[in-house]
Each structure stands twice: as structure tokens, then as C-alpha cells.
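# Fold and geometry: a report
Chain by chain, the residues:
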Amino acid sequence: MSPPLEHEAGVPSGTSGGGYSRRVGLFSGVMLVIGGIIGSGIFLNPSIVAQRVHTPALTLGAWLLGGGVALIGAFIYGELGQRIPKAGGSYVYLRDAFGELPAFLNAWGMLLMIATGAIAAVAVTFANYTLALTGLADGYRFPLAVGAIVLLSGINYFGVRPGALTQNVFTVLKLVALAVLVGAGLLLAGASPSVGNTTPPSPPDSIVLALGAALVPVLFSYGGWQQTNFVAEELVNPERNLPRALLWGVIGVVTVYLLANLTYLRTLGAEGLAASNAPAADALGLLLGPTGRTFITAGVALSTFGFLNLVILVSPRVYQAMAADGLFFPWMARLHPRYHTPSAAIVFQAVWAILLTSTGTYGELLDYVVFADWLVFGATAATLFVYRARERQGQVPRVTYRVPGHPVTPLLFIAAALYVVVGSTASNPLNALKGTLLLGAGVPVFLYWRKRREARATAQVSGTDAVEGPSVPEQPVRSAVSGKRGAD
């Protein structure tokens, strides 16, 4: 059982003006980071990495290198989170550094296909593993997927505390499943008939190119730490706890990933890992028999369920920030007066994700925008240079949490992000083109909402109500550096 959510003494349960509540402590923040990274990738992707680098040393080296990139990302997002501890994360950083259009396109992409498509895909993955565990007929797949979306959306509707507590429980459970996998591998792998019975594989012709190719699935498996910044406004003492949660969470995931891959290699060998379609199930099945395979199947189901909760929890904060800027439906900007959650955004997200699930289009949409996450990572890292320049000019205060090795480390992170974007685009240029067009479709949407916002402002100045609907959201409008919105 996970510890209760921490709550700092003297911090009110609700913020002034009915804004976000600071209910998420350091432990829960770390669980959000870990839960946002570990989904089903570590149970499946290691085989792809082994196929590309061949040898055990290079396999572990690829995961270690990817962990270093993720750690730099944690440092970057930690400094940005201390600078602007507001809901919305990368949306807020991009808006304040580069303007509203790139920030809007980020939020637009999340709402249209990235976050909602991921919700649909992960819900179906959860349903598939549940069917495998229970032996239910395929006809239950859709009801299970939709039921998971509805249940978790309902939990998060009623407050960040129940949503974070749910995340704590399922993150701990997925870590227990991985601990059993690692423990069995390290203690029992010597008895595995597949270890030592194969000729040591030869390294690839070009180690540099092979490592570069392996980094794409590795970095996708490490993505997700940034989502904790979306709920920065709901963290207790975010200026201190957000950087710590990011750092400790990413270090924990890197450790788990390295140990899991060591288990796969000790159990299956490099060639066996490369040939496996389900390395976690194959490894634990080999060590513990059918019971081990069933156990890890349950572990993957729990892991996907926890990841699903994380995406449902954090993503509506981005849509709410976008709407609070007057760039989307005004009702999406409202926080629930009692639960202090972006309740309308949560419901909208659930409805759209269920629609994507029912039509089966989520898979294609996600294929179109696999490059978008790391594009946003790189652009967000670039905002750090803007804030550092403003800091030198005295426009913003100096922060105590600093990215070590700046500017070299952020530049390395940006280069890694660009590599993933280029690699994903080169592997399927047609999908990348479709994804770019879908994201570009947000430009006229942005122009429309900006024009409406200007019309509302003009109507307010003239004392008329020329635009239908509420002219001002119920909550204060911006989530800006000046801190005009939310709880400080």
C-alpha cells in the first residue's frame, strides 16, 4: 500500500479564486514521473534494440545512453518548472518564450490525436492483456477499453487527490512486477537452458550507426517525464518538489530499465532477446513456467492501466490552460468549484478518446505523430535559452535550480530530440507528412479563436456583449509568468 498523499502544513485545500488545489506531495510527484515513463515499452521494446545492436554490451549501452538523455531532460524540465510552476507545462513555456501559435499547436495536437489517441491505444492494450488473463471473448475488448477510460476519467474528475492516489497504487504495483522479473532473472538465470548455449553475437559493422538506430525505440521508451510539469500548479511547494520529483523519478526508471534489460540478456541471451516478440513474458516464462508468464501478463495489464490514468490525469491541464488564454471554448477553462479540476476538459477528452476507440482511427493517428512528442521536447528545451537570456537582462528573477553543464547539455538534448524526429520521419515520410498536415490544420483554428478573443476584448471595452457565450471564463484567464492566475 502506498503512503498517503503529502500535504504541507498551512497550505489550504483550495486556492484563492477557486483555482487549482495543491494536493500532490513529493512522493506522489515521483510516482507521476515513473508512471508517466513506464508503460508497456520496457516489456516489449528491448527486442527491437537488441536486433539493431546485436551484442549485450551495446544493448545495455543504448539503454544507458538513452537514460542519460532522459536525465538531461529531467534537469531541463526541472529548471523550467521552478521558473514557472503553473499548470500546462510545455504549453506555458512555449507560449511565454516563443508565442501563442507554437503553444497552441502543441495543445491542439495533444487534444486531437497525441494524448487522446494514446488514451485509446493504451485502453485497448489494457483490454487485450485483460482478455489474455481472463479468457474472455474478443467481444469484451471494446467494453473493457471504454470502461477503463470512463472509470479513470471519473476518478480524476473528483479531484487530483484520488487521481494521484490511483497513480501511486498502480505505479507501485508495476514496480513490484518489474522487481519480480528482475529478481527472478538475477537469481535464477543461471539455470536457464538458453544462457551460454549460443555463439557470442558479432558487433554490427558500424557501432555508431547501430547505436543511433537503437536510440529511437529507447528514447520513446524513456519519454513521459515531462507530463508531471502539467500539474505543477497542484504540487505542494512546486519550486522545490518538482525538480526533485523529476530527478528521482528518472533515475529510478533508468535503474529499472537497465536491470530489466540485464535480466533479458541473462535469461534469453542477445540473440534470444532479438528474436522475442514478448521478452518479458518469454524471460519469466522460461524461469518460472506458465505461472511466470501469467504473472508478467498481469503486470503489463497493471502497468498500462496506470499509464492510462496518468495521461487522463495530466493532459486536461494543458487544454484548460489553452482555453484560459481565450484560444478554445471558454467552458474548457473552468475549474470545478468543489473539486478544483478541469472537469469540462476531462469530460471532453474522455468523449473524444472513446470516439477514437470506437472508430479504430487512433492507431493511424498515433503513427502520423510519433515524431511530435520529441519535437515538443526539443522546442521546450530551447525555451531555456530564452529564459536564461531574460535572466541575464534582469527581466526575470534568477532561479536556484540550474541545469548542469548549460549550454552544452541542453544542446545535446535538443540534438537527440531532432535525431528522433528525423529518424521517425525518414522511416515513414508519408505518415510524417499526414501528421504535419493534421498539426498544421490547427493554424486556422488558432486564428479563429484569437479573432474571437479580440472581438470579446473589444466588446468589453465598448461595454457591449457582441459575442455570444461567456465573455470571461469563470476562472482567471491566464497562467502566465506574472502569476495572475491560479494559486501561488
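All values derive from a computational prediction rather than experimental measurement.

## Quick word on the overall build of the chain
- What the chain contains, in helices and strands, is 18 helices and zero strands.
- Across the 488 residues in the chain, those meeting the buried criterion constitute 56%.
- Intrachain contacts of the chain at a sequence separation of at least 6 include 81% that bridge at least 24 residues.
- For the chain, the exposed area adds up to about 19,000 Å²; of that, 67% sits on carbon and sulfur atoms.

## With respect to the pattern of salt bridges
- Following the criterion strictly, the structure yields eleven salt bridges and no others.
- Where R83 meets E79, a salt bridge forms, and the shortest distance between an N and an O atom there is 3.0 Å. Here the residue R83 and the residue E79 both occupy positions in helix α4 (residues 56–83), the gap between them amounting to four residues, near one helical turn. The residues R83 and E79 share a single accessibility class, namely buried.

## Thoughts on the packing of helix α7 (residues 141–157) against helix α13 (residues 343–359)
- Remark: α7 packs on α13, axes separated minimally by 10 Å, with the N-to-C direction vectors making an angle of 175°. In terms of their interaxial angle, α7 and α13 are classed as roughly antiparallel. Contact with α7, carried on its side by F142, A145, V146, I149, V150, S153, N156 and Y157, involves S343, I346, V347, A350, A353, I354, T357 and S358 of α13 and no other residues of that element.

## Some details on the side chain of T166
- Along the polypeptide, T166 turns up in helix α8 (residues 160–188).
- Look at T166 and you get buried, because its relative accessible area is 14%.
- Excluding its chain neighbours within four sequence positions, the residues that come into contact with T166 are L152, I155 and N309.

## Thoughts on helix α16 (residues 408–427)
- Between the first and last C-alpha of α16 there are 28 Å, a value that for 20 residues agrees with the 28 Å anticipated at 1.5 Å per step.
- Residues of α16 that are buried: T409, P410, F413, I414, A416, A417, V420, V421 and S424. Viewed along the axis of α16, the buried residues span an arc of 160°, placing them on a single side of the element. Exposed residues lying more than 90 degrees from the buried face of α16 are V408, L412, V422 and A426.
- Considering only its buried residues, α16 is in contact with α4, α9 (207–222) and α15 (372–392).

## Here's the deal with the nonpolar core
- Counting 140 residues, the largest nonpolar core has I76, Y91, W225, Y257, W374 and F413 as its most contacted members.
- Aside from chain neighbours lying at most four places away, what touches F413 is V69, I72, G73, I76, W225, W374, F377, G378 and A381.

## Focus: helix α3 (residues 46–53)
- Within α3, the full set of buried residues consists of P46, S47, V49, A50 and V53. The buried residues of α3 occupy an angular sector of 160° when projected down its axis, which confines them to one face.
- In the core, the buried residues of α3 are packed alongside α2 (41–44), α4, α9, α10 (238–275) and α11 (279–288).
- Of the residues one or two after α3, H54 is the one with positive phi, at around 75°.

## What about the side chain of S221?
- In this fold, S221 is placed in helix α9.
- For S221, a relative accessible area of 5% translates into the label buried.
- Not counting chain neighbours up to four residues away, the residues in contact with S221 comprise I37, G41, N45, W63 and Y257.

## Considerations on unusual backbone geometry
- The omega torsion of the bond from H406 to P407 falls at 10°, within 30 degrees of zero and hence cis.
- Secondary-structure assignment places P407 in the loop between α15 and α16.
- Positive phi, close to 75°, is recorded for H54, a residue that is not glycine.
- Here H54 is to be found in the loop between α3 and α4.
- H54 sits in the partly exposed class, given a relative accessible area of 32%.
- Positive phi outside glycine occurs at H340, with the angle close to 55°.
- Owing to a relative accessible area of 12%, H340 belongs among the buried residues under this scheme.

## Some details on the environment of A74
- Relative to the elements of secondary structure, A74 occurs in helix α4.
- The contact partners of A74, leaving out residues within four places of it in the chain, are W225, L246, L247, V250 and Y401.

## Some remarks on the environment of G19
- Position of G19 relative to the elements: it lies in the segment before α1 (26–37).
- A sequence separation of 320 residues divides G19 from Y339, and the C-alpha atoms of the two residues are 9.8 Å apart.

## Looking at the packing of α8 against α10
- Contact pair α8 / α10: the axes reach a minimum separation of 9 Å and the direction vectors enclose 40°. Judged on the interaxial angle alone, α10 and α8 are oblique. Crossing of α8 against α10: the hand is left-handed. Contact residues: α8 offers L175, L178, L181, V182, G185 and L186, while α10 offers V256, L259, A260, L262, T263, Y264, R266 and T267.
- Tallied by class, the residues present in the contact of α8 with α10 amount to ten nonpolar, three polar and one charged.

Here is what the cut-offs are and how they apply
- Residues numbered from 1 in each chain as written.
- Predicted model: local features only at pLDDT ≥ 70, side-chain atom pairs only at ≥ 80, totals over all residues.
- Heavy atoms only, no water.
- Helix = DSSP H or I, 4+ residues; strand = E, 2+ residues; numbered from the N terminus.
- Buried < 20%, exposed > 50% of the residue type's maximum accessible area, 1.4 Å probe, protein only.
- Contact = heavy atoms within 4.5 Å.
- Areas by Shrake-Rupley, 256 points an atom, 1.4 Å probe, with all protein chains shown as cover.
- Salt bridge = Lys/Arg side-chain N within 4 Å of Asp/Glu carboxyl O.
- Axes fitted to C-alpha atoms, helices over the stretch in contact; angles between N-to-C directions.
- Parallel < 35°, antiparallel > 145°, perpendicular 65-115°, else oblique.
- Expected span 1.5 Å × (residues − 1).
- Arc of directions from axis to C-beta.
- Core = buried A, V, L, I, M, F, W, Y, C linked by side-chain atoms within 4.5 Å.
- Left-handed = near helix turned anticlockwise from the far one by under 90°.
- Nonpolar A, V, L, I, M, F, W, Y, C, P; charged D, E, K, R; others polar.

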